[in-house]
Amino acid sequence: MTIPSGDASKTSRDHPANIPVPPTFSDPLEHRAFLKFRLAQAYRIFAKYGYDEGVAGHITVRDPVRPDCYWVNPWGVHFKLIQPELLLLVDHEGNIQEKESGPSRFLNRSAYMIHSAVHEARPDVICAAHSHTTYAKAFGALGVPLDPITQDSCAFYEDHALYSEFRGIVEDREEGLAIATAMGSNKAVILQNHGILVATKSIESTVFFFISLEKCCQVQMIADQAAAIRGQRPLLIDPENAAEVQKRLGSEAGGWFNGIPEFQLLEHEEGKRFEYIPVQKENV
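Values in this document were obtained by computation on a predicted structure and should not be read as measured data. (Residues numbered from 1 in each chain as written. Predicted model: local features only at pLDDT ≥ 70, side-chain atom pairs only at ≥ 80, totals over all residues. Heavy atoms only, no water.)

## Examining the overall build of the protein chain
Along the protein chain, the regular secondary structure elements total 7 helices and 7 strands. Along the protein chain, helices and strands appear, N-terminal first, in the series α-β-β-β-α-β-α-β-α-β-β-α-α-α. Against the globule reference of 19 Å for 284 residues, the protein chain gives a C-alpha radius of gyration of 19 Å, in line with a compact fold. Judged by the C-alpha coordinates and their principal axes, the protein chain covers about 70 × 50 × 35 Å. Counting only residues that meet the buried cut, the protein chain has 49% of its 284 residues in that class. Nonlocal contacts in the protein chain, meaning residues at least 24 apart in sequence, comprise 67% of its contacts between residues at least 6 apart. About 14000 Å² of surface is accessible on the protein chain, with carbon and sulfur atoms providing 52% of the total. (Helix = DSSP H or I, 4+ residues; strand = E, 2+ residues; numbered from the N terminus. Rg over C-alpha atoms; globule rule 2.2 N^0.38 Å. Buried < 20%, exposed > 50% of the residue type's maximum accessible area, 1.4 Å probe, protein only. Contact = heavy atoms within 4.5 Å. Areas by Shrake-Rupley, 256 points an atom, 1.4 Å probe, with all protein chains shown as cover.)

Written out as structure tokens, the structure is:
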């Protein structure tokens, strides 16, 4: 694993030179090991925030060795207990890859239906997360998108969609495709009467934007309620400023950098950091 410097000559327009950049990997197996480690951390971060809801909810990451497959949690294991060795490798047909997957072979059908559709429709997506969080469910019941009322909500300005249907538990491919279609090229979609889905180019940015979107849903409802008491509506940030803030805070680089502290804190609390130990032979 190589952690690049923040030198301006090595950064792009989409990644400002004054912030760190993600690590790179020359060994695809090390990259796989890192993403599995990071994905398991993401589940434990979700558990810390209370984003679990029984056996519902899922985060996936595209496999760098087999890009037509993705890693996901085994169904029925608490988010807090997820470790890299428990993860399942699944293809876009919902087949669990026997040689690479963990011992618990239970796959959430809804996870497959939603995430396979998103990963297929969006080759740029590395990580996608969906859960039934409290404020996202409440706000989603209103059937409206977020307004640009705060700096944080501007990160989603013209970069989130609304899926205005609810057809029960997602158990068929058509529903997954409908969600992916509604999401389009956006990084997030509010699922009416359901929850939220966030999909980006890294685990870190997906985790950050998921946490942020849940908070933005909460703030929107608080602001709407307070404004209604006063017989008014929340003041909106003008389109020009909202769009400018979105370019910075809502970028992949901004999401990745904002997400890093969550993983730093978890590593501090658990005393466990990524360490790659090459194996002589691995089935891929």
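## Some thoughts on the pattern of salt bridges
Under the criterion given, the structure shown has 10 salt bridges. A salt bridge links Arg38 to Glu204; its shortest N-O distance comes to 2.8 Å. One end of the pair, Arg38, is in helix α1 (residues 28-48); the other, Glu204, is in helix α5 (residues 203-229), and 166 residues separate them in sequence. As far as the burial class goes, Arg38 and Glu204 line up, both buried. Between Asp124 and Arg122 there is a salt bridge, and its shortest N-O distance comes to 2.9 Å. (Salt bridge = Lys/Arg side-chain N within 4 Å of Asp/Glu carboxyl O.)

## Quick notes on helix α4 (residues 173-183)
Within the sequence span of α4, burial applies to Glu175, Gly176, Ile179, Ala180 and Met183. Looking straight down α4, one finds its buried side chains confined to an arc of 140 degrees; they lie on one side. Away from its buried face by more than 90 degrees, α4 exposes Glu174 and Thr181. Residue Gly184 follows α4 closely and has a positive phi angle near 60 degrees. (Arc of directions from axis to C-beta.)

## Comments concerning the packing of α1 against helix α7 (residues 252-270)
Following both chains from N to C, one finds α1 and α7 inclined at 85 degrees, their axes separated by 10 Å at the closest point. On the basis of their axis angle, the class for α1 and α7 is roughly perpendicular. Touching Phe37, Arg38, Gln41, Ala42, Arg44, Ile45 and Lys48 of α1 are Ile260, Glu262, Phe263, Leu265, Leu266, Glu267, Glu269 and Glu270, all from α7. Residue composition of the contact of α1 with α7, by class: 7 nonpolar, 1 polar and 7 charged. (Axes fitted to C-alpha atoms, helices over the stretch in contact; angles between N-to-C directions. Parallel < 35°, antiparallel > 145°, perpendicular 65-115°, else oblique. Nonpolar A, V, L, I, M, F, W, Y, C, P; charged D, E, K, R; others polar.)

## Quick word on unusual backbone geometry
Backbone geometry at Glu158 places phi at a positive 55 degrees, although glycine is not the residue there. Here Glu158 lies in the loop between α3 (134-140) and β5 (160-163).

## Quick notes on the packing of aromatic side chains
This model, assessed by the stated rule, comprises 10 aromatic pairs. Ring geometry for Phe34 versus Phe274: centroids 5.3 Å apart, planes at 85 degrees, classification edge-to-face. In this pair, Phe34 sits in helix α1 while Phe274 sits in the segment after α7, placing the two residues 240 residues apart along the sequence. For the pair Phe34 and Phe274, a shared accessibility class is recorded, and that class is buried. Pairing Tyr49 with Tyr51 gives two aromatic rings, centres 5.6 Å apart and planes at 25 degrees, and the pair type is stacked. Residue classification places Tyr51 among the buried residues on the basis of a relative accessible area of 7%. An aromatic cluster is built from Phe25, Phe34, Phe37 and Phe274, whose rings are joined through pairwise contacts. Geometry around Phe263 places Arg38 over its ring, the cationic atom sitting 4.3 Å from the centre. Stacked on the ring of Phe209, the Lys or Arg Lys187 has its end atom at 4.6 Å from the ring centre. (Phe/Tyr/Trp six-rings, centres within 6.5 Å; stacked < 30°, edge-to-face > 60°. Lys NZ or Arg CZ within 6 Å of the ring centre and 35° of its normal.)

## Let's talk about the pairing of strand β6 (residues 188-191)
Going residue by residue along β6, you find Ala188 and Ile190 tucked away on one face and Val189 and Leu191 tucked away on the opposite face as well. Inspection of the sheet shows β5 paired to β6 by 4 bridges, in the parallel sense. By the bridge assignment for β6, Tyr163 is matched with Leu191. Pairing geometry for β6 and strand β7 (residues 195-200), over 4 bridges, is antiparallel. In the sheet register, Val189 faces β7, and the bridge partner there is Leu197. (Pairing = 2+ DSSP bridges.)

Without other data, these values stay purely geometric and don't point to any function.
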